[in-house]
Amino acid sequence: MTRIAYLDGEFLPLGECRVSALDRGFVFGDGIYEVSAVLDGGLVDNDSHLARLVRSVGEISLALPVTLERLIEIQKELITRNGLVNGVVYMQVTRGPAEREFGFPAAPKPTLFMFTQTKEIVASPNAATGIRVKSVPDLRWARCDIKSVSLLAQVLAKQAAAEAGCYEAWMVRDGFVTEGGSSSAFIVTADGTVVTRPNSNAILPGCTRKALLALAAEGAIRVEERLFTLDEAFAASEAFMTSASTFVYPIVELDGRTIGTGKPGPIATRLRQIYVDFARADAKLAENRP
């Protein structure tokens, strides 16, 4: 079937969507994006993603062109029109078309573009086998807490990982792991404590990370938010990553070195199941379904 997208008030076949070549998202990377997971036809943890979208646009003084209520309506309409069962809804808002001047245009007309992607999140083989990760220098700017469409550093990081036969890259700054190219980073210490870097301008405040930390607390799993080094990761009993489009993936190898037993560990496996159960329950709620 033809994939349907949304662009500035219209539902269109994806191949017919057209954005101005002078759009500031294209010329400057002047825009924000967000991704919400869809499981069994329902949105997962969507309020958290929309809250982060609002925060990010606010940090760059960009107004959403529609209300949040309308944004949710569009998400659900896209799910329906595309018959999406499992996957994601991508949302992007830019400052819109204007002459190429660095300062904001006096009367911006933001561009809102949204589309869906099919993805088998729960049944992914990566969850069963675990993934390999490569460390790279963190070359990003100082406001990584803003979910900007300017993703060149992440593109280069993930390409380096792919060329090394790895699924993800872990970025390192000042000797400490910040986060993955498109995920939050976790290790598990020998005593079973889950360790992850605390939120700051150095990392994106992950929505899946946030929900998982709350679920871990409910499950009596110890969590410590602090910086950790690559050496600590090499010595960890387990490691894993989280993101909206993967939920929880165990990490079994880092820079060619085996993590733990080289197989998905019990804590990562348990946390993934806990999160999948949460996601299925959330997706079933009436307010999250078309």
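Student: Sorry if this is basic, but what is going on with helix 2 (residues 46–59) here?
Tutor: For an α-helix, the turn length of 3.6 residues means that residues three or four places apart are oriented alike. Relative to the 20 Å expected for 14 residues at 1.5 Å per residue, helix 2 spans 20 Å between its end C-alpha atoms, a close match to the ideal helical length. Where helix 2 is concerned, the buried positions are Asn 46, Ser 48, His 49, Leu 50, Arg 52, Leu 53, Ser 56 and Val 57. Buried residues in helix 2 make contact with strand 3 (31–39), strand 4 (42–44), helix 3 (68–81), strand 5 (87–94), helix 6 (207–218) and helix 8 (266–284). A positive backbone phi angle near 55 degrees is found at Ser 61, which sits one or two residues after helix 2.

Student: Is there a simple way to think about the packing of aromatic side chains in this case?
Tutor: Centre distance and the angle of the planes are the two values used to describe a pair of aromatic rings. Evaluation of the coordinates by the stated rule reveals 10 aromatic pairs. Between Tyr 33 and Tyr 90 the ring centres are 5.7 Å apart and the planes differ by 20 degrees, which places this aromatic pair in the stacked class. One end of the pair, Tyr 33, is in strand 3; the other, Tyr 90, is in strand 5, and 57 residues separate them in sequence. Neither Tyr 33 nor Tyr 90 differs from the other in exposure class; each is buried. Among the aromatic residues, those joined into a cluster by ring pairs are Tyr 33, Tyr 90, Phe 113 and Phe 115. Here the guanidinium or amino end of Arg 81 rests over the ring plane of Phe 11, the centre of that ring lying 4.4 Å away. A cation sits over an aromatic face here: Lys 158 above Tyr 167, 5.9 Å from the ring centre.

Student: Help me out: how do you make sense of the pairing of strand 2 (residues 10–13) in this one?
Tutor: Strand residues, when the strand is regular, have side chains that alternate between the two faces of the sheet. Relative to strand 2, strand 1 (residues 4–7) runs antiparallel, the two sharing 4 bridges. Bridging across to strand 2, Leu 7 finds its partner in Glu 10. Linkage of strand 1 to strand 2, two consecutive antiparallel strands, is achieved through a turn of 2 residues, within which Asp 8 is found at a positive phi near 45 degrees.

Student: Help me understand helix 3, please; the structure alone is not making it clear to me.
Tutor: Look at helix 3: 20 Å from first C-alpha to last across 14 residues, which is about the 20 Å you get at 1.5 Å a residue. Residues Leu 71, Ile 74, Gln 75, Lys 76, Leu 78 and Ile 79 constitute the buried set of helix 3. Among the residues trailing helix 3, Gly 83 stands out with phi positive, at a value near 55 degrees.

Student: What is the right way to read a nonpolar patch on the surface from this model?
Tutor: Together, Leu 152, Val 155 and Leu 156 give the surface a local cluster of nonpolar side chains, amounting to about 310 Å² of exposed area. By the secondary structure assignment, Val 155 is in helix 5 (residues 152–163).

Student: What am I meant to see in the environment of Val 38 here?
Tutor: Along the chain, Val 38 turns up in strand 3. Given the relative accessible area of 0%, Val 38 is considered buried. Considered as a pair, Val 38 and Thr 116 are 78 residues apart in the sequence and their alpha carbons are 9.3 Å apart. Leaving out residues up to four positions away in the same chain, Val 38 has contacts with Leu 43, Ile 79, Leu 84, Val 85, Asn 86, Gly 87, Val 88, Val 89 and Ile 121.

Student: I'm lost on the packing of helix 2 against helix 3 in this one. Help?
Tutor: How two helices sit against one another is set out by the angle between their axes and by the gap between those axes. The contact between helix 2 and helix 3 brings their axes to 12 Å, and the two run at 125 degrees. Considered as vectors, helix 2 and helix 3 are oriented oblique to each other. With respect to the hand of their crossing, helix 2 and helix 3 are arranged in right-handed fashion. Contacts between helix 2 and helix 3 pair Asn 46, Leu 50, Leu 53 and Val 54 from the former with Leu 68, Leu 71, Ile 72 and Gln 75 from the latter.

Student: Quick question: what am I supposed to make of the pairing of strand 8 (residues 168–173) here?
Tutor: Summarising burial for strand 8: 5 of the 6 residues are buried, a large majority. Bridging between strand 7 (residues 131–137) and strand 8 involves 5 bridges; their strand directions are parallel. Along strand 8, the bridge assignment pairs Val 136 with Met 171. This β-α-β element, strand 7 to helix 5 to strand 8, shows right-handed connectivity. Here strand 8 runs beside strand 9 (residues 176–180); their pairing, made up of 3 bridges, is antiparallel. Looking across to strand 9, one finds that Arg 173 is bridged to Phe 176. Counting the residues that bridge the hairpin from strand 8 to strand 9 gives 2 residues, and of these Asp 174 lies at a positive phi of roughly 55 degrees.

The rules behind these values
Residues numbered from 1 in each chain as written. Predicted model: local features only at pLDDT ≥ 70, side-chain atom pairs only at ≥ 80, totals over all residues. Heavy atoms only, no water. Helix = DSSP H or I, 4+ residues; strand = E, 2+ residues; numbered from the N terminus. Expected span 1.5 Å × (residues − 1). Buried < 20%, exposed > 50% of the residue type's maximum accessible area, 1.4 Å probe, protein only. Contact = heavy atoms within 4.5 Å. Phe/Tyr/Trp six-rings, centres within 6.5 Å; stacked < 30°, edge-to-face > 60°. Lys NZ or Arg CZ within 6 Å of the ring centre and 35° of its normal. Pairing = 2+ DSSP bridges. Patch = residues over 30% accessible without salt bridge, like charges linked within 9 Å, V, L, I, M, F, W, Y side chains within 5 Å. Areas by Shrake-Rupley, 256 points an atom, 1.4 Å probe, with all protein chains shown as cover. Salt bridge = Lys/Arg side-chain N within 4 Å of Asp/Glu carboxyl O. Axes fitted to C-alpha atoms, helices over the stretch in contact; angles between N-to-C directions. Parallel < 35°, antiparallel > 145°, perpendicular 65-115°, else oblique. Left-handed = near helix turned anticlockwise from the far one by under 90°. Right-handed = clockwise from strand over helix to strand, strands pointing away.

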